[in-house]
Amino acid sequence: ANIRLIIDGLFHEQEKPKRKQSAEALRDVAIQIDSLQRLAQELLDLSMIESGEAFLRMVDLSMSDLIDQSIARLEYQSDAKEIELVNQVPKQVRVLADRDQELRVLSNLIHNAIKWSPPHEKIKMRAERVGDEILVSVMDRGPGVPEEYRERIFERFYQVDPSRSGGDGTGLGLAICKHIVAAHGGRIWVEDNPESKDGKGGNFKF
């Protein structure tokens, strides 16, 4: 519907669209196509994970390198809001995980943090050893998640406030994260950002 409106707006007038209008419209169409591609990919990912068709290839990985790769995937989005993505994970922290699936979890969590964060903020990624497991945190300065929604946000298609998601939320990203983390024998949850002085901010941990 958004793509249709953009195109109709371009050709509403009898005269040819201006070059600047055309460039802006094409950029907006590209954004909407990205949203459609993300939705289609997330639907495919979730159906494969839930059906047990997604196989895990467990290998020894650097968590810091995984986060660097996830940051590189999302630089365009973070730059658009002038948000700094900060990798605070020591190089020696390593995990046994499926590389592609782990990147999907990190990318979804960082994407979520960018979407909800105000411009000019920082998003911090940390990881530490807790017993024989690695605890990963993605901390943002967005509005945070109210206590009563913290379990439900990991359900598919559930969104706390769709009207504030900017129209690009599918309600699938966190559900995918939950399934992937569970397949690795772990769990995922959200808390308040411990560094927040005004009570705002989320801290997604797995």
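Residues numbered from 1 in each chain as written. Predicted model: local features only at pLDDT ≥ 70, side-chain atom pairs only at ≥ 80, totals over all residues. Heavy atoms only, no water.

(A) Quick look at helix α6 (residues 173-183). Regarding α6, the residues found buried are Gly-173, Leu-174, Ala-175, Ile-176, Cys-177, Ile-180 and Val-181. Remark: Gly-185 follows α6 within two positions and exhibits a positive phi of approximately 85 degrees. (Buried < 20%, exposed > 50% of the residue type's maximum accessible area, 1.4 Å probe, protein only. Helix = DSSP H or I, 4+ residues; strand = E, 2+ residues; numbered from the N terminus.)

(B) Expanded view of the side chain of Asp-140. Summarising the element assignment, Asp-140 is placed in the loop between β5 (133-139) and α6. For the buried Asp-140, no salt bridge exists, and the shortest N-O distance to an oppositely charged side chain is 7.5 Å, to Arg-141. Apart from the residues lying within four places of it in its own chain, the contact partners of Asp-140 are Ala-113, Ser-117, Lys-122, Ile-123, Asn-193, Gly-201 and Gly-202. (Lys, Arg positive; Asp, Glu negative; His and termini not counted. Salt bridge = Lys/Arg side-chain N within 4 Å of Asp/Glu carboxyl O. Contact = heavy atoms within 4.5 Å.)

(C) Quick look at a nonpolar patch on the surface. On the surface, Leu-39, Leu-43 and Phe-157 cluster together into a nonpolar patch covering about 260 Å² of accessible area. Locating Leu-39 in the fold gives a position in helix α2 (residues 19-51). (Patch = residues over 30% accessible without salt bridge, like charges linked within 9 Å, V, L, I, M, F, W, Y side chains within 5 Å. Areas by Shrake-Rupley, 256 points an atom, 1.4 Å probe, with all protein chains shown as cover.)

(D) Representation of the pattern of salt bridges within the structure. Taken as a whole and judged by the stated rule, the model has 11 salt bridges. As a salt-bridge pair, Asp-65 and Lys-91 come within 3.5 Å of each other at their nearest N and O atoms. With Asp-65 in helix α3 (residues 63-73) and Lys-91 in the loop between β2 (84-87) and β3 (94-98), this residue pair connects regions lying 26 residues apart in the sequence. Note on Lys-91: relative accessible area 53%, which makes it exposed. Notably, a salt bridge pairs Arg-141 with Glu-121, separated by 3.9 Å at the nearest N-O pair. Separated by 20 residues along the polypeptide, Arg-141 in the loop between β5 and α6 and Glu-121 in the loop between α5 (99-116) and β4 (122-130) bring together distant segments of the chain. Through salt bridges that share partners, Asp-65, Asp-68 and Lys-91 make up one connected network.

(E) Layout of α5. Along its 18 residues, α5 runs 26 Å from first to last C-alpha, staying within 8% of the 26 Å computed at 1.5 Å per residue. Counting buried positions over the 18 residues of α5 gives 13, a clear majority of the element. At the N-terminal end of α5, a side-chain oxygen is found 3.1 Å from the backbone nitrogen of Asp-100, two or three residues along, and the residue is Asp-98. (Expected span 1.5 Å × (residues − 1). Polar contact = N/O pair within 3.5 Å; in protein donor to acceptor, adjacent residues only side chain to side chain.)

(F) Quick look at the sheet that holds β2. Spatial strand order, β2-β4-β5-β7-β6: 5 strands in an open sheet with mixed pairing. Whereas interior strands pair on both sides, the edge strands pair on one side only; in this sheet they are β2 and β6 (189-192). Taking each pair of neighbouring strands and ignoring which way they run, the sheet shows an average axis angle of 20 degrees. Bridging between β6 and strand β7 (residues 202-205) involves 4 bridges; their strand directions are antiparallel. If you follow Trp-189 over to β7, its bridge partner there is Lys-205. (Pairing = 2+ DSSP bridges. Axes fitted to C-alpha atoms, helices over the stretch in contact; angles between N-to-C directions.)

(G) Region of interest: the packing of aromatic side chains. This structure, assessed with the given rule, holds 1 aromatic pair. Both rings, one in Phe-154 and one in Phe-204, keep their centres 6.2 Å apart while their planes meet at 75 degrees; by these two values the pair is edge-to-face. Here Phe-154 is found in the loop between β5 and α6, whereas its partner Phe-204 is found in strand β7, with 50 residues between them in sequence. Across this residue pair, the class does not change: Phe-154 and Phe-204 are buried. (Phe/Tyr/Trp six-rings, centres within 6.5 Å; stacked < 30°, edge-to-face > 60°.)

(H) Geometry of the nonpolar core. Among the nonpolar cores identified, the biggest contains 41 residues, and Met-63 and Leu-109 are the most heavily contacted of them. When residues of this core are traced back to their parent elements, those giving at least two are α2, α3, β3, α5, β4, β5 and α6. Per-element tally for this core: the top contributor is α5, with 7 residues. Apart from residues no more than four positions distant in its own chain, Met-63 is found in contact with Val-89, Val-93, Arg-94, Val-95, Glu-102, Leu-106, Ala-127 and Val-136. (Core = buried A, V, L, I, M, F, W, Y, C linked by side-chain atoms within 4.5 Å.)

(I) Just the environment of Val-89, in detail. Note that Val-89 resides in the loop between β2 and β3. On the basis of relative accessibility, which here comes to 7%, the residue Val-89 falls in the buried class. Along the primary structure Val-89 and Met-63 are separated by 26 residues, whereas in three dimensions their C-alpha atoms are 7.2 Å apart. Dropping the residues within four chain positions of it, Val-89 is found in contact with Met-63, Ser-64, Ile-67, Met-125, Arg-126 and Ala-127.

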